[in-house]
Amino acid sequence: MTSPQLPDYPLWHGFADMGAVSASPFVVARGEGAYVFDAEGTRYLDSTAGLWFTNVGHGRTEIADAVARQLSTLAHCSGFGDLTSDVTLALAERLTAIAPVPGSKIFFTSGGSDSIDSAAKLARRYWHEMGRPDKKIIVGRTKAYHGMHVAGTALSGLPPNREGYGELMADAATVDWDDAKSLLGLIERVGADNIAAFFCEPIIGAGGIYLPPEGYLAEVRQICRDNDVLFVADEVVTGFGRIGGGEWFASTRFDLQPDMMTTAKGLTSGYVPMGALFVAPTVAEPFFSGGVWWRHGYTYGGHAGAAAAAMANLDIVERENLLDEAARVERDLATYFSPLIEHPAVHEIRTGLGAVTAVQLADAPAAMAAVGALRKQGVSGRAAGAGALQISPSFVMTTEQIEEMAAAIGRALD
């Protein structure tokens, strides 16, 4: 077989047309506060905080120093069996103290996709332990993104993300993202005795930044309670202040009291990969009573270096009142981005709830070209969903920088 002639570019990017990307990658060399810089030193406002995660901003040497100290003391030990590290245990205690459900247990993962797959497995295993093994179906929503592991892909409400893989996971279902009655209809059709869990992003993130309709979250939460369906809040994007309105989690802001909550990104502000699954006491009880193993875990779950990064990151959030700053960013985004609805290239602005905004373009396929035009205006951006520009800045981005960013997007769309 003749070897194909491929572009002379070694790296395979995620979610990319490599035939196009390999010709002109956008290489970021460093970051500082709300800015990133390319290899030539050109400065760009980082409109997406990396990939929703750099909540405390770039270039925080305090986090880097904390990781260096930890790695020079103990890089990591296994988290299996009775083993853990002191910093990992300290982080679990700290997270339990801010959990939306008091007394929650913390299961550490390597990232958001891990957290989702862990929640899917634990939901089924929980019902098995409760003597109801037929409760296996996991339910997601249209437009929703839950990572790219097997369970997350099966739950995805974005058809292109499932295309070409076949059936990755049996007993997965999808309901309408904005209609609680769609969930209730599925329960009535297949029976509550067959449904393990409902996965819900408080705000749909990568699917295009869709805000929940008024009363939707409270209604689906009650439907789950009424039908013995576990409610899993996917806060990989929304957690640690991004949708909190001054609270740590959207689940607290909306009083969701989730049975499980998946997190990652803002836990370390992306400085080191780490995720955490919060498990309410009712779900943890069969496994903490003794005699039952949950045969699941990750080599790097609770990594000591990552835990040190998380501790330093949370210190910064608390010391600099960044939860309140995130609420200020929420207001600023609504103020400065709402007027863009007057631009002829804009179909819709989704803003006003959390430190996120979507600029939905009238010509959806033009979104990728718009990202390129944005760079020429000094803004690093990203397309999300079906033709939207994702805006999810760090909590340290100032009001003046947000105003500048909105003006730059207007110029780019011109």
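Remember, it's a predicted structure, so these values are computed and weren't measured experimentally.

Looking now at the overall build of the protein chain. Helix and strand counts for the protein chain come out as 15 helices and 15 strands. At 21 Å, the protein chain has a C-alpha radius of gyration in line with the 22 Å of a compact globule built from 414 residues. A principal-axis box enclosing the C-alpha atoms of the protein chain has dimensions of 60 × 60 × 55 Å. Across the protein chain, every contact between residues at least 6 apart in sequence was considered, and the portion connecting residues at least 24 apart equals 72%. Accessible surface for the protein chain amounts to roughly 18,100 Å². Of this, 53% is attributable to carbon and sulfur atoms. Here the protein chain holds 31 positive side-chain charges and 48 negative ones, and the gap between their average locations is 2 Å.

Glancing now at a nonpolar patch on the surface. Taken together, the side chains of Val-150, Tyr-165 and Leu-168 present a nonpolar region at the surface, about 270 Å² in accessible area. Relative to the assigned elements, Tyr-165 resides in the loop between helix 7 (159-162) and strand 6 (172-175). For Tyr-165, a relative accessible area of 48% puts it in the partly exposed group.

Okay, the sheet that holds strand 11 (residues 346-350) next. With respect to topology, four strands assemble into an open sheet ordered 11-12-15-14, the strand pairing being antiparallel. Among the strands making up the open sheet, the edge pair consists of strand 11 and strand 14 (383-384). As judged from the four bridges shared by strand 12 (residues 357-361) and strand 15 (residues 388-391), these two strands associate in the antiparallel manner. Its bridge partner being in strand 15, Val-359 is matched across the sheet by Leu-389. Helix-sheet contacts for helix 14 (residues 367-376) involve strand 12, strand 14 and strand 15, and the interaxial angle to strand 15 is about 45°. Each of strand 11, strand 12 and strand 15 touches helix 15 (residues 399-413); the most contacted strand, strand 15, lies at about 160° to it.

Our next topic: the sheet that holds strand 6. The sheet built from seven strands is open, its strands ordered 4-10-9-8-7-5-6 with mixed pairing. The open sheet has two edge strands with one neighbour each: strand 4 (105-109) and strand 6. Adjacent strand axes in the sheet meet at a mean angle of 20°, parallel and antiparallel pairs treated alike. Summarising the sheet, strand 4 and strand 10 (residues 275-279) pair through five bridges and their orientation is antiparallel. Bridge pairing links Lys-105 to Val-279 in strand 10. Strands strand 5 (137-141), strand 7 (195-200) and strand 8 (230-234) of the sheet are contacted by helix 9 (residues 216-226), whose axis makes an angle of about 165° with strand 7. Docked against the sheet, helix 11 (residues 281-288) engages strand 4, strand 8 and strand 10, running at close to 90° with respect to strand 10.

Below, the discussion takes up the environment of Asp-179. Along the polypeptide, Asp-179 turns up in the loop between strand 6 and helix 8 (180-190). Accessibility expressed as a relative area gives 32% for Asp-179, which makes it partly exposed. Residues Asp-179 and Thr-335, spaced 156 residues apart in sequence, show a C-alpha to C-alpha distance of 28 Å. A polar side-chain atom of Asp-179 sits 3.0 Å from the main-chain amide nitrogen of Lys-181.

Turning next to the environment of Trp-127. With respect to the helices and strands, Trp-127 occurs in helix 5 (residues 112-129). Those residues in contact with Trp-127, other than ones at most four positions away along the chain, are Arg-132, Pro-133, Lys-135, Ile-195, Ala-196, Asp-228 and Leu-230.

With 13 residues, helix 4 (residues 86-98) should reach 18 Å at 1.5 Å per residue; the first-to-last C-alpha distance of 19 Å fits that figure. Lining the buried residues of helix 4 we find helix 3 (61-73), strand 4, strand 10 and helix 12 (304-319).

So, about the pairing of strand 15. Of the two faces of strand 15, both are covered, the one formed by Ala-388 and Gln-390 as well as the one formed by Leu-389 and Ile-391. The pairing of strand 14 with strand 15 spans two bridges and is antiparallel. If you follow Ala-384 over to strand 15, its bridge partner there is Ala-388. With antiparallel pairing between neighbouring strands as the criterion, strand 14 and strand 15 make up a hairpin whose turn holds three residues, including Gly-385 at a positive phi of roughly 65°.

Conventions used here
Residues numbered from 1 in each chain as written. Predicted model: local features only at pLDDT ≥ 70, side-chain atom pairs only at ≥ 80, totals over all residues. Heavy atoms only, no water. Helix = DSSP H or I, 4+ residues; strand = E, 2+ residues; numbered from the N terminus. Rg over C-alpha atoms; globule rule 2.2 N^0.38 Å. Contact = heavy atoms within 4.5 Å. Areas by Shrake-Rupley, 256 points an atom, 1.4 Å probe, with all protein chains shown as cover. Lys, Arg positive; Asp, Glu negative; His and termini not counted. Charge placed at Lys NZ, Arg CZ, Asp CG, Glu CD. Patch = residues over 30% accessible without salt bridge, like charges linked within 9 Å, V, L, I, M, F, W, Y side chains within 5 Å. Salt bridge = Lys/Arg side-chain N within 4 Å of Asp/Glu carboxyl O. Buried < 20%, exposed > 50% of the residue type's maximum accessible area, 1.4 Å probe, protein only. Pairing = 2+ DSSP bridges. Axes fitted to C-alpha atoms, helices over the stretch in contact; angles between N-to-C directions. Polar contact = N/O pair within 3.5 Å; in protein donor to acceptor, adjacent residues only side chain to side chain. Expected span 1.5 Å × (residues − 1).

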